[in-house]
Amino acid sequence: MSAADTSAPPRGMPSAEIARPHTTETPTLVRLYVWDLPLRFSHWNIALSFLVLAVTGLYIGKPFGPPSGAASPNFMMGWVKTVHFYASIIFSVSVLARIIWMFRGNRYARWHELIPVTKRRFIGIFKTIFFYTLIFRKPPASLGHNPLAGASYTAVFGMYLAMIVTGVALYAPTAAPHSPLHPFTFLLPLLGGASTIRWVHHAVMWGLALFSVSHMATALLTSLVEANGEFDSIFSGCKEMTPEELREVREGEALDDANAWHLRARWPWRKRSA
Ligand code: HEM
Ligand code: HEM
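Residues numbered from 1 in each chain as written. Chains lettered and ligands numbered in written order. Predicted model: local features only at pLDDT ≥ 70, side-chain atom pairs only at ≥ 80, totals over all residues.

Trainee: Would you mind showing me how to read the overall build of the protein here?
Mentor: In terms of helices and strands, the protein carries eleven helices and two strands. Sorting the 274 residues of the protein into buried and exposed places 18% on the buried side. (Helix = DSSP H or I, 4+ residues; strand = E, 2+ residues; numbered from the N terminus. Buried ≥ 20, exposed ≤ 12 C-beta atoms within 10 Å, placed from the backbone.)

Trainee: I would appreciate a short explanation of unusual backbone geometry in the present structure.
Mentor: Backbone geometry follows two general trends: most residues other than glycine have a negative phi, and most peptide bonds adopt the trans configuration. Its identity as a non-glycine residue notwithstanding, Leu134 has a phi of 65 degrees, on the positive side. Following the sequence through the fold, Leu134 ends up in the loop between helix H5 (119–132) and helix H6 (147–171).

Trainee: So what exactly am I meant to see when it comes to the nonpolar core here?
Mentor: Considering soluble globular proteins, one finds that nonpolar side chains tend to be buried as a cluster. In this structure, Ile46, Phe50, Leu53, Ala87 and Phe91 together form the largest nonpolar core, which totals five residues. Those elements that provide at least two residues to this core are helix H3 (37–61) and helix H4 (76–101). Among the elements that make up this core, the one with the highest residue count is H3 (three residues). Sequence-distant contacts of Phe50, defined by excluding residues within four places in its chain, comprise Phe91 and Leu208. (Core = buried A, V, L, I, M, F, W, Y, C linked by C-beta atoms within 7 Å. Contact = placed C-beta atoms within 7 Å.)

Trainee: What should I look at first to understand the site of ligand 2 in this one?
Mentor: Around ligand 2 there are 19 residues in total, and Ala47, His145, Ala149, Ser212 and Ile234 lie nearest to it. Among the secondary structure elements, those contributing two or more residues to the shell around ligand 2 are H3, H6, helix H8 (194–226) and helix H9 (230–236). Looking at side-chain class alone, the shell around ligand 2 contains twelve nonpolar, five polar and two charged residues. (Near = placed C-beta within 6 Å. Nonpolar A, V, L, I, M, F, W, Y, C, P; charged D, E, K, R; others polar.)

Trainee: Would you mind showing me how to read H8 here?
Mentor: Side chains that are three or four residues apart share a direction in an α-helix, a result of its 3.6 residues per turn. Between its first and last C-alpha atoms H8 spans 46 Å; for 33 residues at 1.5 Å apiece the expected length is 48 Å, and the two agree. Regarding H8, the residues found buried are Ile197, Met205 and Glu226. Buried residues in H8 make contact with H3, H6, helix H7 (187–190) and H9. Ala227 sits one or two positions beyond H8 and adopts a positive phi of about 50 degrees. (Expected span 1.5 Å × (residues − 1).)

Trainee: Would you mind showing me how to read the site of ligand 1 here?
Mentor: Around ligand 1 there are 23 residues in total, and Gly57, Gly61, Ser88, Gly167 and Leu170 lie nearest to it. Elements supplying a minimum of two residues to the shell around ligand 1: H3, H4, H6 and H8. In terms of residue count, H3 provides more of the shell around ligand 1 than any other element does, seven residues in total. For the shell around ligand 1, the class distribution of residues is 14 nonpolar, eight polar and one charged.

Trainee: Just checking my understanding: could you explain the packing of H6 against H8 for this structure?
Mentor: For any two helices packed against each other, the geometry comes down to the angle between their axes and how far apart the axes lie. Contact geometry for H6 and H8: axes closest at 9 Å, N-to-C directions at 150 degrees. One element, H6, and the other, H8, form an angle in the roughly antiparallel class. Crossing angle aside, the handedness with which H6 passes H8 is left-handed. Taking contact as the criterion, the partners of Val156, Met159, Ala162, Met163, Thr166, Gly167, Ala169 and Leu170 in H6 are, on H8, Ala194, Ile197, Arg198, Val200, His201, Val204, Gly207, Leu208 and Phe211. A breakdown of the residues in the contact of H6 with H8 according to their chemical character gives twelve nonpolar, four polar and one charged. (Axes fitted to C-alpha atoms, helices over the stretch in contact; angles between N-to-C directions. Parallel < 35°, antiparallel > 145°, perpendicular 65-115°, else oblique. Left-handed = near helix turned anticlockwise from the far one by under 90°.)

Written as structure tokens, this is what we have:
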């Protein structure tokens, strides 16, 4: 490697051009709009409400800190539960809206970006693991979620739904008789009773907390190693790549489209052209 390879990039150079590590030539990068507004909006609603739900939930499970003494004068637990329940409304509505958007949004917001339904995306999961474990030099070309991230989000959405169902099961018996959640009282005995459901609600919270930490770390790492604006993309909606990488992505997407049974299937919600 020449001395020029290791020298620091000149100050003031646009980040898109200095971002590629270990190269002397400045690559031309194409900027592409990937994450549409509803995806980004639901992402941040879910992420922020999750933070509030985790902190208030931990307090509900094992109250910590001041105040001590009788509950009635300060109503601390009451306030924490109120915040938990309002945050759970934001969380549940955002998750349901995002699930609906999986059938209406742009290509990168669709459900098949999460569930690996084509052979190429399925194999891509292993290729990405080999990249992360330093066996492969390059990850498989992708513009939306990489195949491993997509598959892990399927599990994450499963955990979101588990939190909503167990949360509603815990809430319903205490809901006012006219509340729309009151009819869900049947969930409590059906799912094994209050203590089992509280345990599951608590355990899945830790599953999501673990995911969040590794998710933020990988978003940052991918952004640095692949230099594609990954971390910023969930704010701006845009990613960057070289024209060669984009060509590779488009070829892969065309292959997916040609082999995708879900594009040929007769879905009841999709109109067919005559
Ligand atoms: C990711 C989202 C959520 C997280 C992280 C979360 C977290 C928690 C935690 C840690 C607890 C304490 C469990 C224990 O140790 O006993 C709790 C309790 C509870 N959560 Fe959630 N929760 C979430 C979503 C929801 C939702 C959507 C609802 C729906 C209404 C809900 C309703 C409840 C109820 C009713 C309790 C029990 C309160 C009580 O014991 O009186 N939660 N939550
Ligand atoms: C500083 C905090 C966070 C940052 C910077 C961040 C960044 C990102 C980025 C860059 C993506 C797109 C990744 C890709 O290409 O696959 C993404 C997607 C996603 N993130 Fe985060 N994230 C954060 C917090 C969270 C938290 C706390 C959660 C969950 C509790 C979460 C759940 C998800 C999910 C489920 C997706 C898939 C999006 C979808 O298809 O709707 N994120 N995030």
